[in-house]
Amino acid sequence: MNANPEKSIGGKPADVYFFGTCLLDIFMPEAGLDAVTLIEQQGIRVHFPMAQSCCGQPAYTSGHPQEAFDVAAAQLDLFPENWPIVVPSGSCGGMMKHHWPQLFKGSVHEAKAEDTAARVIEFTHFLLDIGYTPEDKGGNIKVAVHTSCGARREMGVHLTGWKLIDSLKNVERVVHDHESECCGFGGTFSVKQPDISGAMVADKVSALKAAEAVEIVSADAGCMMNIGGKIAKDEPQMPRPKHIATFLLERTGGKA
């Protein structure tokens, strides 16, 4: 697994594909639109293939490779041009970049899967790669960052997320206990092991509460749903997790 940020895409492209992920598309579409807006503000054309659905990760991590193969294969023809594929989720990006080549190895899709995987880049890494430098227009606040375990270990999203947050002059990033630990979502894990998942997210929320952050920022919709659900149920006075795209857009004055 790659614990460092992924390789550079090389310069600022004129066009990119945007793979919105199923969770973001269904449950948090505004966050996806905010990510698209940020990219377009950099003078880049964003293309959203309307037939996109799921990367296949839920089936893959649940031990159902054939189902994952079928779902992921339906995505492979959506990115015909040689443009970067920006993914606003480190865990989904990790599935596409690191696991698709293995999933399709030896099949008729192998070459296309390898080409597609090579063009996948996670959203925060993409912003840094093109030289995005946010101008902070907000007041002084404390922010806690959560990165999913997959995003952290496969895509190094904690490093790129920290760098973006730290570049905002009026934002203090507070490191909370349990920051590197899983929130308990884990896709179908939270459904199959609800008691263990519940204990894990309770620890996570407790640590976030102790950090006394004004905002909680993440780049994975699954974690945002899990942590946000626990907060809504047991700690309603705490802030709900916010996607880093939305947070950056707000801080730079691009969102009312």
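Quick notes on the rules
- Residues numbered from 1 in each chain as written.
- Predicted model: local features only at pLDDT ≥ 70, side-chain atom pairs only at ≥ 80, totals over all residues.
- Heavy atoms only, no water.
- Helix = DSSP H or I, 4+ residues; strand = E, 2+ residues; numbered from the N terminus.
- Contact = heavy atoms within 4.5 Å.
- 1 Å grid on protein atoms, 1.4 Å probe; cavity = no way out; pocket = protein on both sides within 12 Å on 5 of 7 lines; lining within 4 Å.
- Points joined across faces, edges and corners; volume = space filled by probe spheres on them.
- Nonpolar A, V, L, I, M, F, W, Y, C, P; charged D, E, K, R; others polar.
- Domains from an automatic or database assignment.
- Buried area = accessible area lost by both parts, 1.4 Å probe.
- Polar contact = N/O pair within 3.5 Å; in protein donor to acceptor, adjacent residues only side chain to side chain.
- Salt bridge = Lys/Arg side-chain N within 4 Å of Asp/Glu carboxyl O.
- Buried < 20%, exposed > 50% of the residue type's maximum accessible area, 1.4 Å probe, protein only.
- Core = buried A, V, L, I, M, F, W, Y, C linked by side-chain atoms within 4.5 Å.
- Pairing = 2+ DSSP bridges.
- Axes fitted to C-alpha atoms, helices over the stretch in contact; angles between N-to-C directions.
- Phe/Tyr/Trp six-rings, centres within 6.5 Å; stacked < 30°, edge-to-face > 60°.
- pLDDT = per-residue confidence, 0-100.

A. Inspection of the environment of Ala-31 at higher detail. Structurally, Ala-31 is set in helix H2 (residues 29-40). For the pair Ala-31 and Ile-165, spaced 134 residues apart in the sequence, the C-alpha separation amounts to 17 Å. Those residues in contact with Ala-31 that sit more than four places away from it in its chain are Leu-24, His-243, Ala-245 and Thr-246.

B. Geometry of the layout of surface pockets. In this structure, the largest pocket occupies an estimated 650 Å³ of space. What lines the largest pocket is a set of 36 residues, among which Gln-57, Ser-91, Phe-185, Gly-186 and Gly-187 lie closest to the centre. Counting residues per element, the ones that place at least two in the lining of the largest pocket are helix H1 (22-27), helix H3 (57-61), helix H5 (90-103), helix H8 (149-155) and helix H12 (221-234). Its residues assigned to classes, the lining of the largest pocket comprises 16 nonpolar, 16 polar and 4 charged. Shared between two domains, the lining of the largest pocket holds at least three residues of each, these being domain 1 (15-129) and domain 2 (134-252). Considering only enclosed or pocket space, the second largest pocket measures out at about 150 Å³ in volume.

C. The domain arrangement of the protein chain, seen in detail. Once the domains are mapped, the protein chain shows domain 1 (15-129) and domain 2 (134-252). Contact residues are listed per partner, giving 28 residues for domain 1 and 24 residues for domain 2. Of the roughly 2,100 Å² buried where domain 1 meets domain 2, counting both sides, 71% is carbon and sulfur surface. Together, Met-28, Thr-124 and Leu-128 form the three largest contributors to the area buried by domain 1 at its contact with domain 2, with a combined 23%. Joining domain 1 to domain 2, the criterion identifies 8 residue pairs in polar contact (both at pLDDT 80 or more). For the side of domain 1 that touches domain 2, the secondary-structure elements that each account for two or more residues are H1, H2, H5 and helix H7 (123-129). The element contributing the most residues to the side of domain 1 that touches domain 2 is H5, with 8 residues. Its residues placed into classes, the side of domain 1 that touches domain 2 shows 13 nonpolar, 12 polar and 3 charged.

D. Here's a closer look at the pattern of salt bridges. Counted under the stated rule, the structure contains 11 salt bridges. For Lys-112, the salt bridge is made with Asp-77, and the minimal N-O distance between the two is 2.5 Å. One end of the pair, Lys-112, is in helix H6 (residues 110-119); the other, Asp-77, is in the loop between helix H4 (65-73) and strand S3 (85-87), with 35 residues separating them in the sequence. Looking at Lys-112, the relative accessible area reads 39%, which means it is partly exposed.

E. Representation of the nonpolar core within the structure. With 32 residues, the main nonpolar core has Ile-39 and Phe-123 as its most contacted residues. Looking at this core, the element that brings in the most residues is helix H13 (residues 244-251), giving 5 residues. For this core, the domains that each give at least three residues are domain 1 (15-129) and domain 2 (134-252). Excluding residues within four positions of it along the chain, Ile-39 makes contact with Val-16, Phe-18, Ile-44, Val-46, Val-86, Phe-123 and Phe-126.

F. Just the sheet that holds strand S1 (residues 15-18), in detail. Strands sit in the order S2-S1-S3-S4 across an open sheet of 4 strands; the sheet is parallel. The two strands at the open ends of the sheet, each matched to only one other strand, are strand S2 (45-47) and strand S4 (120-122). Neighbour to neighbour, the strand axes of the sheet diverge by 35 degrees on average, direction disregarded. Sheet topology note: the S1/S3 ladder contains 2 bridges and is parallel. Along S3, the bridge assignment pairs Tyr-17 with Ile-85.

G. Representation of the packing of aromatic side chains within the structure. Counted under the stated rule, the structure contains 6 aromatic pairs. Consider the rings of Tyr-17 and Phe-79, whose centres lie 5.3 Å apart with planes at 75 degrees: the pair is edge-to-face. Of this pair, Tyr-17 sits in strand S1 while Phe-79 sits in the loop between H4 and S3, and the two are 62 residues apart along the sequence. Neither residue differs from the other here; Tyr-17 and Phe-79 are each classed as buried. Here the aromatic rings of Tyr-17 and Trp-83 are separated by 4.9 Å at their centres, their planes lie at 40 degrees, and the arrangement is tilted. You can see Tyr-17 sitting in strand S1 and its partner Trp-83 sitting in the loop between H4 and S3, a full 66 residues away along the chain.

H. Region of the structure containing the confidence of the model for the protein chain. Residue-level pLDDT values for the protein chain average 91, and 96% of them are 70 or greater. Between residues 1-5, whose pLDDT stays under 50, and residues either more than four places distant or in other chains, the model counts 22 contacts.

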